[in-house]
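Results of the structural survey
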Amino acid sequence: MKGLITICSFLLVGILTAYYIGFGFQEQPKPRAIDKELEGLNEKYLLRFSHVVAENTPKGLAASMFAQLVREKTDGWVEVQVFPNAMLYEAQDEFDALMRNDIHIIAPALSEVSVLDRKWLVMDLPYVFQNEQMVEAAFNGRIGELLFESIGDYGLHGIAFWDNGFKQFTNNIRPVVEPEDIKGLSVRVMPSEALVDTYRVLDAKPRLFSFNEVYNVLSTGIVDGTENTLSNIYSKGFYRQQKYMTVSNHNYLGYAVLMNSNFFHTLPVDYQNSIIEAMNEVTMWLREHSKVINDEMLYRIENSGQLEIHYQTESEKKIWRQALKPIYDKYGQIIGDELMKEVIKLQGK
Ligand code: LMR
């Protein structure tokens, strides 16, 4: 009898073990994504997306939408956490943080990328793009390809160009209509050599401050003016600290969405594809909506009555372009023939 019980127990254990370790008839377990970067969260990937602007701007909205799409497309296996308003890092510090895998996605302004890779200065040549269509042609054509190829040498993987809008000039001292009007004014700019030199050529005083510091340096009079898109000027309240605005569209402020190349390629291919798919959808959305958002901000600024606004005319633009020709002479060489030929092609179209 004892023998029979022992045999039955063995049979039962055998059957149960076979059931759990599988003879192929049980439900397959869900695939487990192994997160080598983030110990403890070994069931899914957590990607930290850092940026410096407000959530109600083109970039802020796009980043949130991207996070939601990635979650949907990967059934929650890839979670993108967005950190806006420079909560984690200022724009220039984001590059190192990305290479250390402290963060996983960034979308710095193109001018910020030019500090790392001087070819990107091409996007900061004054009046290089006359309208949004030219900007899109640059992003989607050979110029965009060459810039992403070039940034690849720094270990960065470019996944999209995001739109914001053209930059406008604001200040507290006087209306700026002609190049002479800007002489002597101190102006906050992003850390791009071409932007710094643009103001030097005009005999103004360019000053470098991070985006987070702009409101303070404007409100305390440390600088007289600044340049930015209407969405940034409105969402960060810069317009409340300034008296004059020139709608000049003198440079385009766009973004490069970048990941650490090594990190990106360690993700399972399915997740890489989902990220790219989500990114493409958001980029298309932004293309259609960034101008609408900036136009809405212009309307709000106009209605606030806070600023005296001058709309630059075509004949005024010609005078400014002429005054800024030395920037093309100097930076054309630094940017290199290949990109400059593409710029000339684009402008000739
Ligand atoms: C800046 O002025 O630094 C901004 O352009 C920041 C941004 O990312 O739009």
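Up top is the structure these notes are about.
Everything quoted here is computed from the prediction, not taken from an experiment.

Conventions and cut-offs
- Residues numbered from 1 in each chain as written.
- Predicted model: local features only at pLDDT ≥ 70, side-chain atom pairs only at ≥ 80, totals over all residues.
- Heavy atoms only, no water.
- Helix = DSSP H or I, 4+ residues; strand = E, 2+ residues; numbered from the N terminus.
- Buried < 20%, exposed > 50% of the residue type's maximum accessible area, 1.4 Å probe, protein only.
- Contact = heavy atoms within 4.5 Å.
- Areas by Shrake-Rupley, 256 points an atom, 1.4 Å probe, with all protein chains shown as cover.
- Pairing = 2+ DSSP bridges.
- Right-handed = clockwise from strand over helix to strand, strands pointing away.
- Axes fitted to C-alpha atoms, helices over the stretch in contact; angles between N-to-C directions.
- Left-handed = near helix turned anticlockwise from the far one by under 90°.
- Nonpolar A, V, L, I, M, F, W, Y, C, P; charged D, E, K, R; others polar.
- Near = heavy atom within 4 Å.
- Polar contact = N/O pair within 3.5 Å; in protein donor to acceptor, adjacent residues only side chain to side chain.
- Salt bridge = Lys/Arg side-chain N within 4 Å of Asp/Glu carboxyl O.
- Phe/Tyr/Trp six-rings, centres within 6.5 Å; stacked < 30°, edge-to-face > 60°.
- Expected span 1.5 Å × (residues − 1).
- Arc of directions from axis to C-beta.

1. Considering the overall build of the protein
- Looking only at helices and strands, one finds 14 helices and 10 strands in the protein.
- In the protein, which comprises 349 residues, the share counted as buried stands at 51%.
- Considering only intrachain contacts with a sequence separation of at least 6, the fraction spanning at least 24 residues in the protein is 73%.
- Carbon and sulfur atoms form 53% of the exposed surface of the protein, whose accessible area is close to 16,700 Å².

2. Some details on the pairing of strand β6 (residues 205–208)
- Where strand β5 (residues 186–189) and β6 come together, 4 bridges link them in parallel fashion. Directly across from V189, in β6, lies its bridge partner L208.
- Following the chain from β5 across helix α7 (residues 193–201) to the adjacent parallel β6, one finds a crossover that is right-handed.

3. Comments concerning the packing of α7 against helix α13 (residues 325–335)
- One can describe the packing of α7 onto α13 by two numbers: an axis separation of 9 Å at closest approach and a directional angle of 145°. α13 is crossed by α7, and the crossing has right-handed handedness. Between α7 and α13, the contacting residues are E193, A194, D197, T198 and V201 on the first element and P326, I327, K330 and Y331 on the second.
- Each residue belonging to the contact of α7 with α13 can be placed in one class, and the counts come to 5 nonpolar, 1 polar and 3 charged.

4. So, the site of the ligand
- As a structural note, the neighbourhood of the ligand is formed by V52, V53, K59, R188, M190, F211, N228, N232, L253 and Y255.
- Here an oxygen atom of the ligand sits 2.7 Å away from a polar atom, N or O, in the side chain of K59.
- Contacts to the ligand include N232, whose side-chain N or O atom sits 3.0 Å from an oxygen atom.
- For the ligand, whose unbound accessible area comes to 270 Å², protein coverage reaches 97%.
- Tallied by class, the residues present in the shell around the ligand amount to 6 nonpolar, 2 polar and 2 charged.

5. A word on the pattern of salt bridges
- Taken as a whole and judged by the stated rule, the model has 18 salt bridges.
- With its nearest N and O atoms 3.7 Å apart, the salt bridge here joins E149 to R142.
- A relative accessible area of 49% places E149 in the partly exposed class.
- Relative accessible area serves as the criterion here: at 31%, R142 is assigned to the partly exposed category.
- Between E227 and K167 there is a salt bridge, and its shortest N-O distance comes to 2.7 Å. Remark: K167 occurs in strand β4 (residues 156–171) and E227 occurs in strand β7 (residues 225–229); sequence separation between them is 60 residues. By the burial criterion, E227 is buried, and K167 matches it.

6. Concerning the side chain of N232
- You can see N232 is positioned in helix α9 (residues 230–235).
- N232 sits in the buried class, given a relative accessible area of 3%.
- A polar contact of 2.9 Å, which involves the side chain of N232, links it to the side chain of N228.
- Dropping the residues within four chain positions of it, N232 is found in contact with V53, T57, N164, F211, F238, L253 and Y255.

7. Side note on the packing of aromatic side chains
- As enumerated under the stated definition, the model contains 12 aromatic pairs in all.
- Their ring planes at 75° and their centres at 6.2 Å tell us that F49 and F66 sit as a pair that is edge-to-face. Taken as a pair, F49 in strand β1 (residues 45–50) and F66 in helix α2 (residues 58–73) lie far apart in primary sequence, 17 residues in all.
- By relative accessible area, F49 is classed as buried at 0%.
- Judged by centre distance (4.8 Å) and plane angle (5°), the rings of F139 and F161 are stacked. Here the residue F139 occupies a position in helix α5 (residues 132–140), and F161 occupies one in strand β4, the gap between them amounting to 22 residues.
- Residue classification places F161 among the buried residues on the basis of a relative accessible area of 5%.

8. As for helix α14 (residues 337–348)
- Taking 1.5 Å per residue as the helical rise, α14 with its 12 residues ought to reach 16 Å, and the 16 Å between its terminal C-alpha atoms agrees with that figure.
- Of the residues making up α14, those classed as buried are L339, M340, E342, V343 and L346. Mapping the buried residues of α14 onto a view down its axis gives an arc of 155°, with all of them on the same face. Of the residues in α14, the exposed ones pointing more than 90 degrees away from the buried face are D337, K341, I344, K345 and G348.
- Turning to α14, the residues buried within the fold contact α5, α6 (142–152) and α13.

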